[in-house]
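Okay, here's what each chain looks like letter by letter:
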Amino acid sequence: MSATVHGFQTEVTKLLNLLAHSLYSNKEVFLRELISNASDAIDKLHFLSLTNPDLIKDDPQFKIRVRADKDTNTLTIQDNGLGMTLAEANANLGTIAKSGTEEFVKNLSGDQAKDSQLIGQFGVGFYSSFIVADQVTVISRSATASAEEGVRWSSTGNGTFESENTTVAERGTKIILHIKDDCKDFLDTWTLRQAINKYSDHISTPVELYDVVYEEDEKAEGQEEGKESEPKQTHKFVQVNNAQALWTRNPKDVSDEDYKSFYKHSFNDYVDPLTWTHNKVEGEFEYTSLLYIPSMAPMNLMMRDHNNSIKLYVQRVFIMDESEQFIPAYLRFVRGLVDTNALPLNVSRELLQESKVTRKLKSAITKRALNMIEKLSADKDQYAKFVASFNDVLKEGISDDRDNQEKILKLVRFASTHDTNIVCNVSLDDYISRMSEKQKNIYYLCADDYDKAVNSPNLERLKAKGIEVLLLWKQPIDSWICSYLNEYQGKKFISANAADLDLGDLEDEQDKAKREQTQKEHEDLIKRFKEALGSEVEDVKVADGLSESPACLVQSAANSGFSQQMRFIAKMQGTELPAEKFILELNPAHALVKQAYAEPNESLFKDWANLIFMQATLSDQGTLKNPREFVTLMNRMLLKSGAAPETEPTHQGDSSLEA
Ligand code: ADP
Ligand code: MG
C-alpha cells in the first residue's frame with residue numbers, strides 16, 4: 001500500500017510556518033513537548049492495562065528513550081505507550097488536538113516577536129518538532145492493534161503530510177526528527193541531558209538517553225597494584241530523570257521551580273501558580289495531596305458546575321481528571337491532585353460518588369485548601385491578586401459549607417466605609433480590630449452596586465456614631481450570602497437597612513430617651529406624612545442620625561416576610577413577590593422637610609410628601625415604579641417654586657429639571 005498525502009488543517013499550516021521560521025529563542029521546548037506526549041501515552045496505556053493486563057504483558061516496563069545519531073542527523077524519541085492507529089495518527093497529527101496547542105494558537109497575535117515569546121509559555125505540542133526538524137517521521141503501533149496495523153506518518157512541515165499502514169514490531173510510538181543544519185547541538189548528548197533535566201524531571205516514567213558509558217574492566221589476574229586498566233567506552237541507554245512522580249517525593253526535596261513546572265505541565269497553564277500546598281498523610285488512611293491556586297481565573301469560573309480541578313491517582317496510577325467529588329464548588333479554582341491507596345484501582349465515577357473515602361478526602365482537601373489560602377493571606381500583594389480573581393467564588397462557601405463558615409468568613413474580603421475606594425480589601429478581622437469597645441455587632445449594608453451602597457442614606461446614622469459598615473455590593477453573590485451572615489467571632493451581623501437599627505451599647509439611655517422624645521415632638525409631622533402617603537408606606541417615623549438627606553427608607557423585620565436579599569433572588573429566578581413596603585424615616589431638621597411642613601394647603605403638602613418619598617425611594621432602590629410620575633411632579637413643583645424663568649421656556653421637561 002502506498003502512502004496517502006493529506007493536507008494539514010489551516011491552523012496547523014499557520015502554526016508550522018511560525019514554528020519553523022521565527023522561533024529561535026526557545027528551541028529546546030520541542031523535547032519537553034515530545035516527552036510529555038510520550039508520558040501521556042504511557043499513562044493512558046497504564047490505565048487501560050489495569051483492567052486488561054494482556055495489553056502490556058510482552059513489555060511491562062514503561063520507558064521513554066531518546067537517541068541521537070550524528071551519522072544520519074536524526075534524533076529519535078520512542079515510547080512504549082498506547083500508540084496510534086492510522087486513523088488516530090491522521091486525526092491527531094493533522095489537526096490541532098486540544099489543550100496547550102489550541103490555547104497557543106488562540107493567543108497568536110501575528111506579531112512574530114511577541115508570538116515567539118509565547119512558545120515558552122504554552123505547550124505547543126507535537127508540531128514543535130518542526131522548530132528543530134525539517135522532516136518528521138512517526139512510526140507507531142497501537143497497543144490494541146496487530147504488527148501489520150502499524151503506521152508510518154511523515155511530513156516536512158510544508159502544508160501536507162503522508163501516512164500509510166506498515167508493519168511495526170513493537171507497540172508505542174517513535175518520533176524520528178531529521179535535525180536542521182543550524183540545530184545540530186540537539187544531537188549532542190550533553191545538550192539533550194540538560195533539556196531533559198530541565199523539563200522532564202517530574203515525569204514519572206524513566207526517560208533514558210543513549211549515551212557514552214565508561215566501564216572498568218574486571219582486574220586481570222596478577223595485575224600490579226596501583227596500575228589502572230583503561231576504562232572501556234560503550235554506548236547504553238541511561239536513565240536521566242528522577243522518574244519519581246513529583247508528589248511522591250519528600251516536599252523538602254522538591255524545589256519551587258519543580259512545583260511550578262509540574263503545575264504548568266499538568267494543568268496546561270502558562271503562568272506560575274500563586275501558591276501551592278503539598279501534604280502526605282500516612283497511616284491507615286493514606287493519601288497525598290498537591291494543591292495549587294492559579295494566578296488567574298479561567299473564563300468560566302463563575303459557572304458553578306465548572307469544577308474540573310482535581311486529578312485522581314490511586315497508588316500513583318492516573319485514574320481520572322476532573323474529579324469534582326473531591327472539592328466543593330466554592331473552591332473550584334483550586335487545581336491539583338490526590339493520590340490515595342484507600343480506593344480500588346478500578347474505581348468509577350459512580351463508585352466515587354457513594355464512597356465514604358471520597359467524603360473523607362473531600363473534607364481533608366477542603367481543609368488543606370482553606371489553610372493554603374489562609375497562609376497566602378499573610379502576603380498582602382499576593383492575596384490582593386487572589387481576592388481579585390477568586391473572592392466572589394470563595395464567598396459561595398459562606399452558604400455552602402456551614403462547617404467551615406467561620407474560616408471562610410475570615411478569608412473573604414469586603415469593601416467598607418473605612419476605605420473610600422471600591423476595592424474589596426477589608427477582612428472581618430480588620431473590621432473587628434477597628435471596632436470601639438462599645439460596638440458589639442458587625443454592620444453591613446447590601447445594595448445593587450457600589451454607588452448605591454456608598455451613598456445610601458442608611459449609612460448616615462452609623463457614620464454619625466463612627467461605626468464602620470461593610471458594603472456588600474457584588475451581585476448576585478452578596479445578596480445571596482446576606483441571608484447566611486449570622487455571626488463571626490461571636491459578633492452578630494446587623495443590616496444597616498433594618499428599621500430599629502440595633503446599635504447596642506453605642507446607644508445609651510440618654511440617646512433612647514432623646515429618640516422617643518423626638519418622635520413625640522414630631523407627632524404632627526409624622527401624622528401629616530402618613531395621611532398624605534397612605535398605603536404607599538408601611539409607616540412613617542422620624543430618623544435620628546440622618547444629616548444630609550431629607551429622608552430614607554428602612555425595612556421592618558415584618559416587611560411582608562421577605563428580606564431584600566430574598567426578593568433579589570426571587571427576581572433572579574423570575575418569581576414575582578408581593579410589592580414591598582418600606583418605612584419612611586424623615587429628617588425633620590432638613591430644609592426640605594421643614595419647607596414641606598410649613599405648607600398649610602394639604603393638597604400642596606401631598607405633593608411635597610410624595611416628592612420626598614420618591615427621592616428616598618430613588619436613592620435606596622435606584623429605580624422608581626413610575627419615573628414619569630416623579631418627573632411630572634418635580635417639574636410642577638419647580639415651576640411653582642419660581643426656580644424656572646418667568647417667561648415661557650421653549651423647552652420644558654429636562655432643561656427645567658436642570659435649572
Ligand atoms: P496535546 O498533547 O495537547 O493533545 P499534541 O500536539 O502534543 O497536543 O499532541 C496531539 C495528539 O497526538 C495527542 O493528543 C495524542 O493523541 C497524539 N500523540 C502525540 N504524541 C503521541 C505519542 N507519543 N503516542 C501516542 N499519541 C500521541
Ligand atoms: Mg502534547
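See the structure above.
The structure reproduced in this document is the subject of the present report. Residue positions are given per chain, counting from 1 as you read along its sequence in written order. For naming, the first written chain is A and the first written ligand is 1, with later ones following in the order written. The model is predicted, so local features are restricted to residues of pLDDT at least 70 and side-chain atom pairs to those at 80 or more, both for listing and for counting; the totals for chains, interfaces and linings are taken over all residues. Heavy atoms from the whole structure form the basis of all side-chain values; hydrogens and water molecules are not counted.

What follows concerns the overall build of the chain. Helix and strand definitions here come from DSSP, where helices need a minimum of 4 consecutive H or I residues and strands a minimum of 2 consecutive E residues; each element is numbered from the N-terminal end. Within the chain one finds 23 helices and 22 strands. For each residue, the accessible area found with a 1.4 Å probe, counting protein chains only, is set against the maximum for its type, and the residue is called buried under 20%, exposed over 50%, and partly exposed in between. Considering the chain as a whole, with its 659 residues, one finds that 47% of them fall into the buried category. Residue contacts are defined here by distance: any two heavy atoms, one from each residue, within 4.5 Å place the two residues in contact. Considering only contacts within the chain whose residues lie at least 6 apart along the sequence, 70% involve residues at least 24 apart. Summing over all exposed atoms, the chain offers an accessible surface of approximately 33300 Å²; the carbon and sulfur share of this is 47%. To be clear on the numbers: accessible area is Shrake-Rupley with a 1.4 Å probe, and residue cover counts the displayed protein chains and nothing else.

What follows deals with the environment of Lys27. Tracing the backbone through its elements, the reader meets Lys27 in the loop between α1 (10-22) and α2 (29-51). Accessibility expressed as a relative area gives 19% for Lys27, which makes it buried. Note: C-alpha distance between Lys27 and Phe130 (103 residues apart in sequence) is 9.7 Å. Leave out the neighbours within four places in its chain, and Lys27 touches Ile131, Val132, Asp182, Cys183 and Phe186.

Counted as salt bridges are all cases of a side-chain nitrogen of Lys or Arg within 4 Å of a carboxyl oxygen of Asp or Glu. Applying the stated criterion across every chain, the model contains 23 salt bridges. A salt bridge links Lys260 to Glu257, with the shortest nitrogen-to-oxygen separation between them at 3.8 Å. One end of the pair is Lys260 and the other is Glu257, both in helix α8 (residues 256-267) and three residues apart, which spans about a single turn. Residue classification places Glu257 among the exposed residues on the basis of a relative accessible area of 53%.

Here we take up the sheet that holds strand β7 (residues 172-179). Strands in a sheet are paired, the pairing made by backbone hydrogen bonds, and the direction either parallel or antiparallel. Between any two strands, pairing holds if DSSP finds at least two bridges. Pairing is mixed across the open sheet formed by nine strands, whose spatial order is β1-β6-β5-β4-β7-β3-β2-β8-β9. The outermost strands of the open sheet, each flanked by one partner alone, are β1 (4-7) and β9 (232-239). Sheet twist, expressed as the average angle between the axes of neighbouring strands with direction ignored, equals 25 degrees. With six bridges joining them, strand β3 (residues 74-79) and β7 adopt antiparallel strand pairing. In the strand pairing of β7, Gln78 is matched with Lys174. Geometry is summarised by axes, namely lines fitted to C-alpha atoms with helices restricted to the contacting stretch, and by angles between N-to-C directions that run from 0 to 180 degrees.

With that settled, the discussion passes to the packing of aromatic side chains. In this analysis, rings of Phe, Tyr and Trp, with Trp reduced to its six-membered ring, are considered paired at centre separations within 6.5 Å, and the interplanar angle assigns stacked below 30 degrees, edge-to-face beyond 60, and tilted for intermediate values. Summed over the entire model, instances satisfying the criterion amount to 24 aromatic pairs. With a centroid separation of 5.4 Å and an interplanar angle of 80 degrees, the aromatic rings of Phe126 and Trp153 are classed as edge-to-face. Placement of the pair is Phe126 in the loop between α5 (112-121) and α6 (129-132) and Trp153 in strand β5 (residues 150-155), with a sequence separation of 27 residues. Trp153 matches Phe126 in its accessibility class, with the two residues each being buried.

Another aspect to go through is the sheet that holds strand β16 (residues 442-446). An order of β15-β17-β16-β19-β18 is seen for the five strands of this open sheet, with the pairing classed as mixed. Sheet topology places β15 (415-416) and β18 (487-488) at the edges, where each strand pairs with a single neighbour. Sheet topology note: the β16/strand β17 (residues 469-472) ladder contains four bridges and is parallel. Bridged to Tyr444 within β17 is Leu470.

We now examine unusual backbone geometry. The residue after Gln475, namely Pro476, is reached through a cis peptide bond having omega 5 degrees. As for its position among the elements, Pro476 is in the loop between β17 and α16 (477-482). In the Ramachandran plot, Asn73 falls in the positive-phi region, its phi being about 55 degrees despite a non-glycine side chain. Within the secondary structure, Asn73 is located in the loop between β2 (64-69) and β3. The phi angle at Arg316 is positive, at roughly 70 degrees, despite the residue not being glycine.

Right, let's get into the nonpolar core. By size, the foremost hydrophobic cluster in this structure holds 77 residues, and its most contacted members are Leu312, Leu331, Phe333, Phe386 and Leu394. Ranked by residue count, the leading element in this core is helix α10 (residues 356-376), at nine residues. Contacts of Phe386, omitting those with residues within four sequence positions, involve Leu274, Ile293, Phe333, Ile373, Leu376, Asn391 and Leu394. In terms of nonpolar packing, the next biggest core, distinct from the first, is built from 54 residues, Leu34, Val124, Tyr127 and Ala143 among them. Among the buried residues, those of types Ala, Val, Leu, Ile, Met, Phe, Trp, Tyr and Cys that are joined through side-chain atoms within 4.5 Å form a nonpolar core.

In this section: the side chain of Asn241. When you line up the elements, Asn241 lands in the loop between β9 and α8. Its relative accessible area of 5% is what places Asn241 among the buried residues. If sequence neighbours within four positions are ignored, Asn241 has contacts with Ser200, Asp201, Ile203, Thr205, Pro206 and Val207.

What follows is about the packing of helix α21 (residues 602-621) against helix α22 (residues 627-641). It is the contact of α21 with α22, at a shortest axis distance of 10 Å, that shows an interaxial angle of 130 degrees. In this view, α21 runs oblique relative to α22, as classed from their interaxial angle. For the element pair α21 and α22, the recorded crossing hand is left-handed. Residues Leu604, Asp607, Trp608, Asn610, Leu611, Met614, Gln615 and Leu618 of α21 form the contact with α22, whose participating residues are Glu629, Phe630, Leu633, Met634, Arg636, Met637 and Lys640. Among the residues forming the contact of α21 with α22, the class breakdown is nine nonpolar, two polar and four charged. Put simply, angles under 35 degrees are roughly parallel, angles over 145 are roughly antiparallel, angles from 65 to 115 are roughly perpendicular, and the rest are oblique. Whether a crossing is left-handed or right-handed is set by the direction in which the near helix is turned from the far one by less than a right angle, anticlockwise for left-handed and clockwise for right-handed. Ten residues, namely Ala, Val, Leu, Ile, Met, Phe, Trp, Tyr, Cys and Pro, are considered nonpolar, four, namely Asp, Glu, Lys and Arg, are considered charged, and the remaining ones, Gly among them, are considered polar.

Turning next to the pairing of β3. In terms of burial, β3 is a largely internal element, five of the six residues being buried. Pairing analysis gives six bridges linking β2 to β3, with the strands arranged antiparallel. Each residue of the ladder has a partner; that of Ile64, found in β3, is Asp79.

This part covers α21. Note on helix geometry: an α-helix contains 3.6 residues per turn, so any two residues three or four positions apart are oriented the same way. End to end, α21 covers 28 Å across 20 residues, agreeing with the expected 28 Å (1.5 Å per residue, within 8%). The N-cap of α21, judged by a side-chain oxygen 2.8 Å from the amide nitrogen of Ser603 a few residues on, is Asn601. Following α21 by one or two positions, Gly622 adopts a phi angle in the positive range, close to 80 degrees. A helix is expected to span 1.5 Å for every residue after the first. Each polar contact in these results corresponds to two N or O atoms within 3.5 Å; when the atoms are within protein, one needs to be able to donate a hydrogen and the other to accept it, and residues that are neighboring in sequence are counted only if both atoms are side-chain atoms.

Residues of helix α18 (residues 523-533) that are buried include every one of Leu525, Ile526, Arg528, Phe529, Ala532 and Leu533, and no others. One side of α18 carries all its buried residues, which in axial view fall inside an arc of 165 degrees. Residues of α18 that are exposed and angled more than 90 degrees away from the buried face: Glu523 and Glu531. Gly534 lies just past α18 and shows a positive phi near 55 degrees. Taken from the helix axis, the directions to the C-beta atoms give the arc we talk about.

Honestly, it's all geometry; don't read function into it.
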